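# A closer look at the structure
Given next are the chains, with one letter for each unit.
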Amino acid sequence: MADQQAQSGDDNRPTEIPAIRWDEPPEGPVLVLLDQTRLPAEEVELVCTDAPALVGAIRTLAVRGAPLLGIAGAYGVALAAVRGFDVEEAAAALAGARPTAVNLAVGVRRARDAYRAALAQGGNQEQGAEAALVAARALHREDAEASVRMAGHGLALLDELLPGGGHRVLTHCNSGSLVSGGEGTAFAVALAAHREGRLRRLWVDETRPLLQGARLTAYEAARSGMAYTLLTDNAAGSLFAAGEVDAVLVGADRIAADGSVANKVGTYPLAVLARYHHVPFIVVAPVTTVDLDTADGASIEVEQRAGYEVTEIAAPQVPVAGAEAGGGIPVAPLGTQAYNPAFDVTPPELVTAIVTEEGVVSPVTAEALAELCDRSRQVTI
């Protein structure tokens, strides 16, 4: 395990990484992404000039994480409109780029509907494009605000469940500012605990096969001066058995109406371990991740990714001349078939609480989630 001690509280280095930004250079508007496939070795910006480029960035995980995908989708529609491309075609391509993360479709729909509404009211193409961009920027701002509120609700819940501070928190995949317009979802809660001096240790699952925990969460934890330790996914059980985990904090890509949670594959086993060891299992996600149109976990479409992500180990920042498939180093015999779901689904009975910007749902029930979403809509109106 790689271990990192907490740094001095007077370390004020920035932790809010510009994962996405709209820019308007002389040659025309663009969407600029921090290419997450190149982290942590180097911070490289990826410039998208049209929706197909953004679709490619989404599918290759250059931009990822449910809330940020929603923001990217909205900006992608605006980009198509501003540059005079077919907005409906762009919206359809973007919404289908990754099927499990509901926020992507939500963001696309919000910007597309703003564009349509402007045209329906007699506006021209330019006015429709401006309306789409305003909607995208609003979503970006709202997500940043939601991140702050989720962190506050999550920290209050941790303090309620685990009085006395000194929290030892296990997290999976990446849920910080790289997935958000703000400081993230689950990671934002751990970061808030760190800033208040109440985080003793952040346990970071490496998150196979693409190592989002090792590459991205450890990167964000290091930048924030947090005390963190990296572990292999299959070491989590021994960590629980040793009594070293006080709570599990994870994000979500889609939450069904019954409270089932789709998140990065490897989340469900952690929920089972947490239940057996009587450790709180807490999901942190914005209300936009709750999909009341998806009845239950069995109804969630789980993205299946390419087998080479499992059969090869890649160092994406290092080009390999003549490499095929993923461009990585083979770790399995040629022709090996791989099972590679991007997500798994945790049933609601294993979830201690769902933390959103509108408050905490616990116990997790369909009725409580529906009430939360209704309350959120009333606030929005």
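Residues numbered from 1 in each chain as written. Predicted model: local features only at pLDDT ≥ 70, side-chain atom pairs only at ≥ 80, totals over all residues. Heavy atoms only, no water.

### A few points about empty space enclosed by the protein
Summed over the entire model, instances satisfying the criterion amount to three cavities of 30 Å³ or more. Each pocket or cavity is described by its volume, and for the largest cavity that value is around 200 Å³. Residue lining of the largest cavity: 23 residues in total, with R64, G65, A66, N174 and D253 positioned closest to the centre. For the lining of the largest cavity, the secondary-structure elements that each account for two or more residues are α2 (66–82) and β10 (261–264). The residues that make up the lining of the largest cavity include at least three from each of domain 1 (20–143) and domain 2 (146–379). Size it by volume and the second largest cavity reaches roughly 60 Å³. Surrounding the second largest cavity, R208, P209, L210, Q212, K264, V265, R305, E309, N340, P341 and A342 form its lining. (1 Å grid on protein atoms, 1.4 Å probe; cavity = no way out; pocket = protein on both sides within 12 Å on 5 of 7 lines; lining within 4 Å. Points joined across faces, edges and corners; volume = space filled by probe spheres on them. Helix = DSSP H or I, 4+ residues; strand = E, 2+ residues; numbered from the N terminus. Domains from an automatic or database assignment.)

### Concerning the nonpolar core
Membership of the largest hydrophobic core comes to 39 residues, with the highest contact counts inside it found for L31 and L54. Breaking this core down by element, the ones donating at least two residues are β2 (20–23), β3 (30–34), α1 (51–59), α2, α3 (87–95), α4 (102–120) and α5 (125–161). (Core = buried A, V, L, I, M, F, W, Y, C linked by side-chain atoms within 4.5 Å. Buried < 20%, exposed > 50% of the residue type's maximum accessible area, 1.4 Å probe, protein only.)

### A look at the confidence of the model for the chain
For the chain, the mean per-residue pLDDT works out to 92, and 91% of the residues sit at or above 70. This model gives residues 7–16 a pLDDT under 50, and the stretch forms 18 contacts once residues within four places in sequence are excluded. For residues 318–323, every residue scores under 50 in pLDDT, and the model assigns this stretch one contact once sequence neighbours within four places are set aside. (pLDDT = per-residue confidence, 0-100. Contact = heavy atoms within 4.5 Å.)

### Quick notes on the UniProt feature "active site" (unreviewed entry) in the chain
The positions UniProt marks with the feature "active site" (unreviewed entry) are D253. Summarising the element assignment, D253 is placed in the loop between β8 (247–250) and β9 (254–256). Look at D253 and you get buried, because its relative accessible area is 9%. If we skip the residues at most four places from it in the chain, D253 touches A66, T100, A101, V102, N103, A262, N263, K264, T289 and F343. (UniProt positions renumbered as here; feature names shortened; annotations may be inferred.)

### Side note on the pattern of salt bridges
Per the stated rule, a full pass over the model turns up 18 salt bridges. Each of R98, E303, R305 and E309 takes part in salt bridges that share partners, so that together they form one network. (Salt bridge = Lys/Arg side-chain N within 4 Å of Asp/Glu carboxyl O.)

### Quick word on the pairing of β8
Residue alternation in β8 divides its side chains into two sets, A247 and L249 and V248 and V250, and both sets are buried. Two elements, β8 and strand β11 (residues 281–284), share three bridges in a ladder whose sense is parallel. Each residue of the ladder has a partner; that of L249, found in β11, is I282. (Pairing = 2+ DSSP bridges.)

### Considering the sheet that holds β9
A sheet is described by the order of its strands in space; here four strands give the open sequence β12-β9-β10-β15, paired in mixed fashion. Only two strands of the sheet have a single neighbouring strand rather than two, namely β12 (290–291) and β15 (343–346).

### A closer look at the side chain of K264
With respect to the element layout, K264 can be found in strand β10. Here K264 sits buried without a salt bridge, and the closest side chain of opposite charge, D253, lies 6.4 Å off (N-O distance). Setting aside residues up to four positions removed in sequence, K264 forms contacts with R98, H172, C173, T207, Q212, D253, A342, F343 and D344. (Lys, Arg positive; Asp, Glu negative; His and termini not counted.)

### Things to note about the packing of α2 against α5
When two helices pack together, their arrangement is given by the angle between the helix axes and by the axis-to-axis distance. Where α2 meets α5, the closest approach of the two axes is 8 Å, and the angle between their N-to-C directions is 165°. With respect to α5, the axis of α2 lies roughly antiparallel. α5 is crossed by α2, and the crossing has left-handed handedness. Note on element contacts: α5 touches α2 through Q125, A129, A132, L133, A136, R137, L139, H140 and D143, opposite P67, G70, I71, A74, Y75, A78, A81 and V82. Of the residues assigned to the contact of α2 with α5, the class counts are twelve nonpolar, three polar and two charged. (Axes fitted to C-alpha atoms, helices over the stretch in contact; angles between N-to-C directions. Parallel < 35°, antiparallel > 145°, perpendicular 65-115°, else oblique. Left-handed = near helix turned anticlockwise from the far one by under 90°. Nonpolar A, V, L, I, M, F, W, Y, C, P; charged D, E, K, R; others polar.)

### Some points on the packing of aromatic side chains
Per the counting criterion, the structure on display carries one aromatic pair. Taking the ring centre of F343 as reference, the NZ or CZ of K264 above it sits at 4.9 Å. (Phe/Tyr/Trp six-rings, centres within 6.5 Å; stacked < 30°, edge-to-face > 60°. Lys NZ or Arg CZ within 6 Å of the ring centre and 35° of its normal.)

### A look at the domain arrangement of the chain
Interface size is often expressed as the accessible area that is lost when the parts come together. Domain boundaries assigned for the chain yield domain 1 (20–143) and domain 2 (146–379). Averaged C-alpha coordinates put domain 1 and domain 2 at centres separated by 24 Å. The interface of domain 1 with domain 2 comprises 27 residues on the first partner and 34 residues on the second. Buried surface at the junction of domain 1 and domain 2, summed over both partners, amounts to about 2500 Å²; 51% is from carbon and sulfur atoms. It is R64, T100 and D143 that lose the most area in domain 1 upon contact with domain 2, and together they represent 25% of the buried surface on that side. In this structure, the connection of domain 1 to domain 2 is made through two salt bridges. Between R98 and E303 there is a salt bridge whose closest N-O contact spans 2.8 Å. At the boundary of domain 1 and domain 2, one finds 21 residue pairs in polar contact (both at pLDDT 80 or more). (Buried area = accessible area lost by both parts, 1.4 Å probe. Polar contact = N/O pair within 3.5 Å; in protein donor to acceptor, adjacent residues only side chain to side chain.)

### Some words on the UniProt feature "binding site: substrate" (unreviewed entry) in the chain
Here, the residues flagged by UniProt with the feature "binding site: substrate" (unreviewed entry) are R64, G65, A66, R98, Q212, N263 and K264. None of the other annotated residues line the largest cavity; only R64, G65, A66, R98, Q212, N263 and K264 do. Here A66 lies in helix α2. Since its relative accessible area comes to 4%, A66 is described here as buried. Residues in contact with A66, not counting those within four places in the same chain, are A101, N103, A252 and D253. Position of Q212 relative to the elements: it lies in helix α7 (residues 212–223). Assessed through its relative accessible area of 2%, Q212 is described here as buried. Setting aside residues no more than four positions away along its own chain, Q212 makes contact with L61, R64, C173, N174, E206, T207, T217 and K264.

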